[in-house]
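For reference, the chains in residue letters:
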Amino acid sequence: MFRVSQFMREIVAPTPGAPDRGAEAPLAGMRPGRRASDAEAGALPAASGSHLPPAAAGAAPPSAAGPRRDPPGPVVIWNLIRRCNLACRHCYSVSADRDFPGELSTAEVFGVIDDLRAFRVPVLILSGGEPLLRPDLYDIAARAKSLGFYVGLSTNGTLIDAAHVGRIAALGFDYVGISLDGKRATHDAFRRKQGAFDQSLGAARACRDAGIKVGFRFTLTEGNAADLPWLLEMAQAEGIDKFYLSHLNYAGRGNVNRKHDAFHLTTRRAMDLVFDAAWAAVRDGREREFVTGNNDADGPYFLMWAAERFPDRTEHLRAKLAQWGGNASGENVANIDNLGNVHPDTYWWDYTLGNVRDRPFSAIWSDLSDPILAGLRARPRAIKGRCAACRHFALCGGNTRTRARSLTGDPWQEDPGCYLDDDEIGVTGAGERLEVTPYSRWRKDGVPV
Ligand code: SF4
């Protein structure tokens, strides 16, 4: 996860400490990405220029950043239930409106929570499927809150009515993230449900009005990129606290539909828009948060964005980005699925490190005899291809392993989702890049794909 707003604030008020983790040579100029021409890349407008606000122009010189710091335990994203009332086109968990036998009981969940607390896990994100379909969701959340976790709820929002809003507020959920993938027609098509947009937006408004911190979660593809400017403006007009742009990761239906992933130039334009919106909020002193996920090249791309506008901040930001370190799968982010299987993150459901019914999470997460976990913890990670030679490797960490693995079968290959060109990463003569080929197999386990 790349906390855009946090790094934007480093432009205005540089700090010596390390930013939260979730995520050389002189910088080359920006050039179009390789997968699409301007005309092919859709309707995203170019970014605007930026200037330091008067107060920041006289700010103290950037401070030296220290070594990379890690939180005490990983953020745990917990898919408590796989059932969902929707069947979205890019759902990594391939959820559907049916029961999935063998899910953890309330008592089992409570036991895992106790272990997570002892293991110093700071954050639980309760997800699904649709977590509101789990009858004991509020009991689980209450238990987690009583033990001091930061508790987030990740929901499609369509089931949130006044009663749910009241319970969410009363329990003190720290954050509610609601998926919204574009304008009404776009969102309803992505979510495969007429009326989903109105229900989800209504839920966000109701949470906002109840004083609950709420955000939109937007997954970027070539099919909804044109809606992003509208969605950013709408989020601001509606007073939504947070905007999270997720790049498409190639897992579950996101892998089956990977041919619809955004072209590299589309991604760059989307990031320019997010950066501009985040900068405007910081510049104007508005309490709005912008975050991106699933493409750690966002860090180096942000550095290029900042270097063009605030060259005197470049070295400070580079040091801060190195502290962040890029991809955190298997390190600072963990996943537990509905059956109790532990994965390096939410996009590794086809790779299991262990099951909490057999061993505590703390034991599974500490067991580096697993080759994937050991590889993810290696510093630096042994990533191949253009990532190995990239001047930004320390900032990005080689990006998302799932895309490389889904495309090639090799989890340590270069990430095909990197939208920086060879000049920008300081590589010459690297040859052809990995092409994103369409998924060719059809799952036949009875779950709609
Ligand atoms: S080439 Fe690899 S390491 Fe470099 S920015 Fe791209 S994904 Fe990150």
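Residues numbered from 1 in each chain as written. Predicted model: local features only at pLDDT ≥ 70, side-chain atom pairs only at ≥ 80, totals over all residues. Heavy atoms only, no water.

A. Quick look at helix 4 (residues 137–146). Those residues of helix 4 that fall on the buried side of the exposure criterion are Leu137, Tyr138, Ile140, Ala141 and Ala144. Relative to the axis of helix 4, the buried residues are bounded by an arc of 155° and lie together on one face. Buried-residue contacts for helix 4 involve helix 3 (106–118), strand 3 (123–127), strand 4 (150–155) and helix 5 (162–171). Among the residues trailing helix 4, Gly148 stands out with phi positive, at a value near 95°. (Buried < 20%, exposed > 50% of the residue type's maximum accessible area, 1.4 Å probe, protein only. Helix = DSSP H or I, 4+ residues; strand = E, 2+ residues; numbered from the N terminus. Arc of directions from axis to C-beta. Contact = heavy atoms within 4.5 Å.)

B. Representation of the packing of aromatic side chains in the model. For the coordinates displayed, the defined rule picks out 20 aromatic pairs. Seen from their ring centres, Phe218 and Phe243 are 6.2 Å apart, and the 35° between their planes marks the pair as tilted. Pair noted here: Phe218 is in strand 6 (residues 214–220) and Phe243 is in strand 7 (residues 242–247), with a separation of 25 residues, a long-range link. Residue classification places Phe243 among the buried residues on the basis of a relative accessible area of 2%. An aromatic cluster of three or more residues is present, and its members are Phe2, Phe7, Phe275, Trp279, Tyr301, Phe302, Trp305, Phe310, Trp324 and Tyr419. Its guanidinium or amino end placed over the ring of Phe149, Arg117 lies 4.5 Å from that ring's centre, counting from NZ or CZ. (Phe/Tyr/Trp six-rings, centres within 6.5 Å; stacked < 30°, edge-to-face > 60°. Lys NZ or Arg CZ within 6 Å of the ring centre and 35° of its normal.)

C. Structural context of the sheet that holds strand 10 (residues 341–343). Read across the sheet, eleven strands follow the order 1-8-7-6-5-4-3-2-9-10-11 without closing on themselves; strand pairing throughout is mixed. On the outer flanks of this sheet lie strand 1 (2–3) and strand 11 (354–355), each paired with one strand and no other. Against the sheet, helix 4 touches strand 3 and strand 4, its axis set at about 175° to strand 3. (Pairing = 2+ DSSP bridges. Axes fitted to C-alpha atoms, helices over the stretch in contact; angles between N-to-C directions.)

D. Seen up close, the site of the ligand. As a structural note, the neighbourhood of the ligand is formed by Arg386, Cys387, Cys390, Phe393, Cys396, Gly398, Asn399, Cys418, Leu420 and Ile425. Here the shell around the ligand is composed, by residue class, of seven nonpolar, two polar and one charged. (Near = heavy atom within 4 Å. Nonpolar A, V, L, I, M, F, W, Y, C, P; charged D, E, K, R; others polar.)

E. Layout of the nonpolar core. Trp78 and Phe302 are the most contacted members of the largest nonpolar core, which has 97 residues in total. Here Phe302 is in contact with Phe2, Phe7, Met8, Ile11, Phe275, Leu317 and Leu321, once residues within four sequence places are set aside. (Core = buried A, V, L, I, M, F, W, Y, C linked by side-chain atoms within 4.5 Å.)

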